Amino acid sequence: MIKVVIIDDEASCREILETFIKKFFPEIEIAGMADSVTSGYECIKKCSPDLVFLDINLKDGTGFNLVEKFSTVDFKIIFVTAYNEYAIKAIKFNAIDYLLKPLNVSEFKEGVERAVKEIGQNGETVEGLDNPMEELERDKKIVLKTAESIYLVSIKNIIRCESESSYTFFYLLNGSKIMISKTLREFEEILNRYNFMRVHQSHLINLSFVDRFDKKEGGTVVMVDDTKIPVSYRRRQKLMDYFETF
């Protein structure tokens, strides 16, 4: 049986999560609850949960502070918060999902089902696997927030990212394009471990979608969608080294 711990400083939120779990996932055991970083840390140590529902703003710190107290994180995390500005940071903590309050039932169920699937597959730690492609196979997602929407996008469906001033454009396998008001560097830090490479100041590409490399005129990567991406001189050798691995 999968064991869950709920950590939230609002009793009403803990109760809602408890109700949802019991209603939709009766096979999951609620092993404990807490309302702060200190009590949450002790609860996790005592209960050894498989999954933690974790609020970000707690009485004595943040959910991130709590996770950082563990040298080895051997549980999955679903962040539950009223604030959407922490979504990118949550991804860096390898969260399974990032749910906004008030909770949406369908989003809650999808997040828990994804967590149950990952726990059932390997039972490994939230810190991830040594091989980043194994993470991709588990359908790792990234949160992309625009002024109008919050997208949960499968990393394996991102063909490339392109920067323009302080904005980053995501080009997806289904042909859609999402504009995010963050720099490419911020996303590079997240995506580098998922087979992405910065080949130009303005371009971060998914190496899984490279069709070919044209050597003329300094070098150009042609992606599967026929987009031609320039390769800067100082980044060309790194790309050549990648091709040599095959």
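Located above this text is the structure these notes cover.
Residues numbered from 1 in each chain as written. Predicted model: local features only at pLDDT ≥ 70, side-chain atom pairs only at ≥ 80, totals over all residues. Heavy atoms only, no water.

### Regarding the sheet that holds strand β12 (residues 177-180)
In space, the five strands of this open sheet follow the order β12-β11-β10-β14-β13, with antiparallel pairing throughout. In the strand order of this sheet, the two ends are held by β12 and β13 (196-200), each with one partner. Mean inter-strand twist for the sheet, computed between neighbouring axes without regard to direction, equals 20°. Contacts from helix α7 (residues 184-191) reach β10 (158-164), β11 (167-172), β12, β13 and β14 (203-206) within the one sheet, and its direction differs from that of β14 by about 25°. (Pairing = 2+ DSSP bridges. Helix = DSSP H or I, 4+ residues; strand = E, 2+ residues; numbered from the N terminus. Axes fitted to C-alpha atoms, helices over the stretch in contact; angles between N-to-C directions. Contact = heavy atoms within 4.5 Å.)

### Remarks on the pairing of β13
Where burial is concerned, most of β13 is hidden: four out of the five residues are buried. The hairpin turn running from β13 into β14, its antiparallel successor, is two residues long. (Buried < 20%, exposed > 50% of the residue type's maximum accessible area, 1.4 Å probe, protein only.)

### A short note on the side chain of S36
You can see S36 is positioned in the loop between β2 (29-34) and α2 (37-47). At 2.8 Å, the side chain of S36 and the side chain of S39 are in polar contact. With sequence-adjacent residues up to four places away left out, S36 is seen in contact with I7, L58, K59 and D60. (Polar contact = N/O pair within 3.5 Å; in protein donor to acceptor, adjacent residues only side chain to side chain.)

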